[in-house]
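Spelled out from the first residue to the last, the chains are:
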Amino acid sequence: MSQVVELKLSSKRKKRAPVLITNYSHGYLNPNPNGKFKIECFKKISDASEIGVDASRNLVASTGRLNYIGSSSATNLQCFVGVRDKQTGNMKLYDCALFNMKPEMKVPEIDSKPTTNVTYWEGVNTLTENFGSKARQRALSIKQKSYVDVSEEMPNLINESILRSPEKLNGNSLPQSMNYLPPLNRDATSIFNVFDINDIISPEESESLESEVQELFSATSDEFTKKRLSFCKFVSERFGNVSSEKAKFLIYYNYLVAFQKLRYNDIRKKDPAPDIPEIYKNKFMDKFTIISRTDKGREGRSMPNQLKDKLVSYIFVLVLLIENFKVNLEEIVNDLNNVGIPKVALIAQSVGCYVSKKKIGEQDAKFAELKLPLYVVVPKYSKKK
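What counts and what doesn't
- Residues numbered from 1 in each chain as written.
- Predicted model: local features only at pLDDT ≥ 70, side-chain atom pairs only at ≥ 80, totals over all residues.
- Heavy atoms only, no water.
- Buried < 20%, exposed > 50% of the residue type's maximum accessible area, 1.4 Å probe, protein only.
- Helix = DSSP H or I, 4+ residues; strand = E, 2+ residues; numbered from the N terminus.
- Pairing = 2+ DSSP bridges.
- 1 Å grid on protein atoms, 1.4 Å probe; cavity = no way out; pocket = protein on both sides within 12 Å on 5 of 7 lines; lining within 4 Å.
- Points joined across faces, edges and corners; volume = space filled by probe spheres on them.
- Nonpolar A, V, L, I, M, F, W, Y, C, P; charged D, E, K, R; others polar.
- Phe/Tyr/Trp six-rings, centres within 6.5 Å; stacked < 30°, edge-to-face > 60°.
- Lys NZ or Arg CZ within 6 Å of the ring centre and 35° of its normal.
- Core = buried A, V, L, I, M, F, W, Y, C linked by side-chain atoms within 4.5 Å.

Trainee: Give a detailed account of the pairing of strand S5 (residues 67-72), specifying residues and quantitative values.
Mentor: Burial along S5 is one-sided: Tyr 68, Gly 70 and Ser 72 are buried, and none of Asn 67, Ile 69 and Ser 71, which face the opposite way, are. Summarising the sheet, strand S4 (residues 57-62) and S5 pair through six bridges and their orientation is antiparallel. Residue pairing for S5: Arg 57 is matched across the bridge by Ser 72. As consecutive antiparallel partners, S4 and S5 are separated by four residues, and within that stretch Gly 64 has a phi angle of approximately 90°, a positive value.

Trainee: I'd like a rundown of empty space enclosed by the protein, residues and numbers included.
Mentor: Inspection of every chain in the model, using the stated rule, returns one cavity of 30 Å³ or more. As for the largest cavity, its lining consists of Ile 200, Tyr 252, Leu 256, Phe 284, Lys 287, Phe 288 and Tyr 314. Looking at the lining of the largest cavity, the elements that each hand over two or more residues are helix H8 (244-260) and helix H10 (278-288). Looking at the lining of the largest cavity element by element, the count peaks at three residues for H10. For the lining of the largest cavity, the per-class residue count stands at six nonpolar, no polar and one charged.

Trainee: So what's going on with the packing of aromatic side chains? Which residues, and what values?
Mentor: All chains considered together, the criterion is met by eleven aromatic pairs. Here the aromatic rings of Phe 192 and Phe 325 are separated by 5.3 Å at their centres, their planes lie at 85°, and the arrangement is edge-to-face. Here the residue Phe 192 occupies a position in the loop between strand S8 (168-170) and helix H5 (203-217), and Phe 325 occupies one in the loop between helix H11 (305-322) and strand S11 (326-328), the gap between them amounting to 133 residues. You can call Phe 192 exposed: its relative accessible area is 61%. What makes Phe 325 buried here is its relative accessible area of 7%. Note on Tyr 252 and Tyr 280: the rings are 6.1 Å apart at their centroids and 80° apart in plane angle, and the pair reads as edge-to-face. Here Tyr 252, found in helix H8, pairs with Tyr 280, found in helix H10; they are 28 residues apart in sequence, far enough to count as distant. One exposure class covers both Tyr 252 and Tyr 280, and it is buried. A cation sits over an aromatic face here: Lys 358 above Phe 367, 5.5 Å from the ring centre. In this structure, Lys 371 is placed above the aromatic ring of Tyr 354, and the distance from its NZ or CZ to the ring centre is 5.1 Å.

Trainee: Lay out the nonpolar core in plain terms, naming residues and giving numbers.
Mentor: One finds Phe 239, Tyr 252, Tyr 253, Phe 259, Phe 284, Phe 316 and Leu 318 to be the most contacted residues of the largest nonpolar core, which totals 63 residues. Where this core is concerned, the elements lending two or more residues are H5, helix H7 (233-238), H8, H10, H11, helix H12 (329-333), helix H13 (341-350) and strand S13 (363-370). Broken down by element, this core gets its largest block of residues, twelve residues, from H11. With seven residues, the next largest nonpolar core counts Leu 59, Ala 61, Tyr 68 and Met 101 among its residues.

None of this, on its own, says anything about what the molecule does.
As structure tokens, this is what we get:
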């Protein structure tokens, strides 16, 4: 049996203050605010004499941490709130004003002074100095200390002959601090701009490689297969179906690996690498060897450890470009002579790569991947006992 409810409208729109109904835009009111919740209602000066619903009001609710603000003004739509008597079943309707409460967002004043021109990486360095971990701050400090401002007077201060045209040096006179890494742009905004292929392969070498690739691609199937099988394992596995650009890189990689495998006695020969064309061999000799003099005054070429590392770093960067910036380190080590995965992993990190392990079948393999921001090698310090 349905219950009859009697509604009584108690509307005194102009004479009585309305009931205030609030709605919070992104939450609910905590029923237990612990005395911190406070609500204040304000009327405009022009509506000071108004008492009823039509007066424009602003409602401010404060939690002690955040303020909520809502406003109410005269509208043609009449709103009521019902109060029902449980005993009699009667309900009275009262005028109400609706407030949509929104949090007060204070916008800081914008400084009208022009800002200085700061690059992206300068901003990152500033954040690292202020908020970075101790390890990151230490790495940044080392990087800033090792930064050299290149000016017009630098050629008078730094002897670049070791990298461009070898001088006659004693066997132990090679600078220990020589930078063996290929040029890289640590401020690059894309991984494609970190290395410049012209720093690895000169324009003259690139032109010669182009002729070799065209001759190889125009050869018969048997000649092509015979040539492909003569390459090192890394090149042979990838030379089946490649673009002419990748083919140039692979052939140059094969020459670099062949040069890396030369022994001490080979380097000292008049023609250390007869199987490598002169245009490449001369570049390799200038870039990766020096002319040294023994205590007895005899001269001969040699490849110190620093230049061996330099050769491996150039090989690694070339593989990065061939493999689209993700390399299985074991595939490189298999082609090189007396170079282990730890050495190649260290070189990979030095040029900004992230080194990680990945399971291939039942074995773990180390991969190096170039991505932004570039990896920064953090020196490890021994703990004092």
